[in-house]
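Understanding the architecture of this molecule
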Amino acid sequence: MMAFDEAVERVLALARVLGTERVALEQADGRVLAEDLVARSPLPAFDYSAMDGYALDTASLVGDGPYELPCTGESAAGTLEPPELAPGGAARIFTGAPLPRGADAVIMQELVTRIDAPSGLRIRFDERPRIGQNLRLRGEDLEVGSSALLRGTRLGPGSVALAAALDRPSLLVARRPLVTVLGSGDELRAPGEPARPGSVVESNGLFVALAAARAGASVRVAPFVRDEPNAATHAIAEALESTDVLVTIGGVSVGDHDVVRPALERAGVGIEFYKVAMKPGKPLTVGRRGGTVVLGLPGNPASASLSFLCFGVPLLRAMQGEARVLPRRTKLVALSSYVRKPGRTELVRATLEEAAGVLGVRPHQNLASGAVTSFARAEALVVVPASSGGFAEGERVEVIAIDDVWR
């Protein structure tokens, strides 16, 4: 069996970065940026007020407060040309409005008393504002030529909004990998189909399809293939013709009815490796035909799901040129102990909980490879090294947050 970390490296080595396409901002969320975005103009483009209040020149304030200034002129958001600040005076200003020429601070209106005098409006306030108070200055976020977003960034609402602020109506992004999911087994039936003796409602393919879509892929789910060598070979050969990644589920072990791995070889797939020293998910098969990568997942629900999270999702991220393809690992306190026999890297399904104000992780009790409930309830994976016999309650353990796998 291949060591877990080596197997991850071998899968990522098969990734080829796909082409690019340009999409409108509205379609950019979740895509991977394929160009560096550089500010072509300063952001903000001009000095403006962060508050409703009064713009003034702090140098005109003499001595200690209170201060009283005449107020003339006004600047509102959308003003084409901000007014010139009268010497020794103030100007009414609103949030987002350009700063009047000659002003260097804004005092918020709640700190000001308005005085309607015969000579015109005057304002009075007690505290001297500092230079730059309540202002957003030109280029404060980004100077001209500075880097805004880097190639390989997985775009989210915040980064797409930044691209909009940079006046980019569209973005160059990586092409979505096309993933084909092919489940095998005479026992399989789709949800809602009439039950028959010995049948099993298929759920693995749905998990893989949804996880792949979250990782940025376009997904198609092929019809189930029977446990018959010729049928499996034909279905695999057909799926290989037009896909970037083929994911088979089931039939890769060594039983009499496990026909998928031989069918892959008959369809021209070169097997890169078979079996990984991990739990669950040992009978993973990885291969390639031409530019198509093949992942042969085991059929047990927890094994299939975990194998795809550990190998399939990083592969898809790498194929899109994403800067970070592997999920972050952090240390958390174990809220209960876990004892096991060493030998394989184990990824223990767990729940995140807060205890005594500290975030910890609690392993699930049902860790069977056939447990369909595994990833409906799991929020994290505790990484147990192959040499370890488990961990004690209160011990700090290495944890992967499941949401971070496909984020």
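About the thresholds
Residues numbered from 1 in each chain as written. Predicted model: local features only at pLDDT ≥ 70, side-chain atom pairs only at ≥ 80, totals over all residues. Heavy atoms only, no water. Pairing = 2+ DSSP bridges. Helix = DSSP H or I, 4+ residues; strand = E, 2+ residues; numbered from the N terminus. Axes fitted to C-alpha atoms, helices over the stretch in contact; angles between N-to-C directions. Left-handed = near helix turned anticlockwise from the far one by under 90°. Contact = heavy atoms within 4.5 Å. Nonpolar A, V, L, I, M, F, W, Y, C, P; charged D, E, K, R; others polar. Parallel < 35°, antiparallel > 145°, perpendicular 65-115°, else oblique. Buried < 20%, exposed > 50% of the residue type's maximum accessible area, 1.4 Å probe, protein only. Phe/Tyr/Trp six-rings, centres within 6.5 Å; stacked < 30°, edge-to-face > 60°. Lys NZ or Arg CZ within 6 Å of the ring centre and 35° of its normal.

1. As for the sheet that holds strand β7 (residues 90-93)
- Spatially, six strands are ordered β8-β5-β7-β6-β10-β9 in an open sheet, and the strand pairing comes out mixed. The sheet terminates laterally at β8 (105-108) and β9 (113-117), the two strands that pair on one side only. Taken pair by pair, the neighbouring strands of this sheet meet at an average axis angle of 40°, ignoring direction.
- With four bridges connecting them, strand β5 (residues 53-56) and β8 associate as antiparallel partners. Bridged to G53 within β8 is M108.

2. Things to note about the packing of helix α1 (residues 4-13) against helix α6 (residues 301-319)
- The geometry of α1 relative to α6 is characterised by a closest axis approach of 9 Å and an angle of 35° between their N-to-C directions. In the crossing of α1 with α6, the sense of the turn from one axis to the other is right-handed. The residues of α6 that touch α1, namely those facing F4, A7, V8, V11 and L12, are C310, F311, P314, L315 and A318.
- Class assignment of the residues belonging to the contact of α1 with α6 gives a composition of ten nonpolar, no polar and no charged.

3. Considering the packing of helix α3 (residues 204-214) against α6
- Contact pair α3 / α6: the axes reach a minimum separation of 10 Å and the direction vectors enclose 20°. With respect to α6, the element α3 is oriented roughly parallel. Considering only the axes of α3 and α6, their crossing is right-handed. On α6, the residues that touch N204, F207, V208, A211 and A212 of α3 are P301, A304, S305, F308, L309, V313 and L316.
- When the residues that make up the contact of α3 with α6 are grouped by side-chain class, the tally is ten nonpolar, two polar and no charged.

4. Points about the environment of V201
- In this structure, V201 sits in strand β16 (residues 200-201).
- Judged by its relative accessible area of 39%, V201 is partly exposed.
- For the pair V201 and L188, spaced 13 residues apart in the sequence, the C-alpha separation amounts to 5.9 Å.
- Ignoring anything within four residues of it in the chain, the contact list for V201 reads R189, A190 and P191.

5. A short note on the sheet that holds strand β19 (residues 270-274)
- Spatially, β17-β14-β18-β22-β21-β19 is the arrangement adopted by the six strands of the open sheet, whose pairing is mixed. Both edges of this open sheet fall to β17 (218-221) and β19, since each of them pairs with a single strand only. Between one strand axis and the next, the sheet turns by 20° as a mean value, whatever way the strands run.
- With four bridges connecting them, strand β14 (residues 178-183) and β17 associate as parallel partners.

6. Things to note about the packing of aromatic side chains
- Counting across every chain of the model gives five aromatic pairs.
- Between the aromatic rings of F4 and F311, the centroid separation amounts to 5.7 Å while the plane-to-plane angle is 70°, which identifies the pairing as edge-to-face. In this pair, F4 is assigned in helix α1 and F311 in helix α6, connecting sequence segments 307 residues apart.
- Residue classification places F311 among the buried residues on the basis of a relative accessible area of 1%.
- When the ring centre of Y54 is taken as origin, the NZ or CZ atom of R92, which lies over that ring, is 4.9 Å away.
- One residue, R261, lies across the ring of Y274, its end atom 3.7 Å from the ring centre.

On their own, these measurements won't tell you what the molecule is for.
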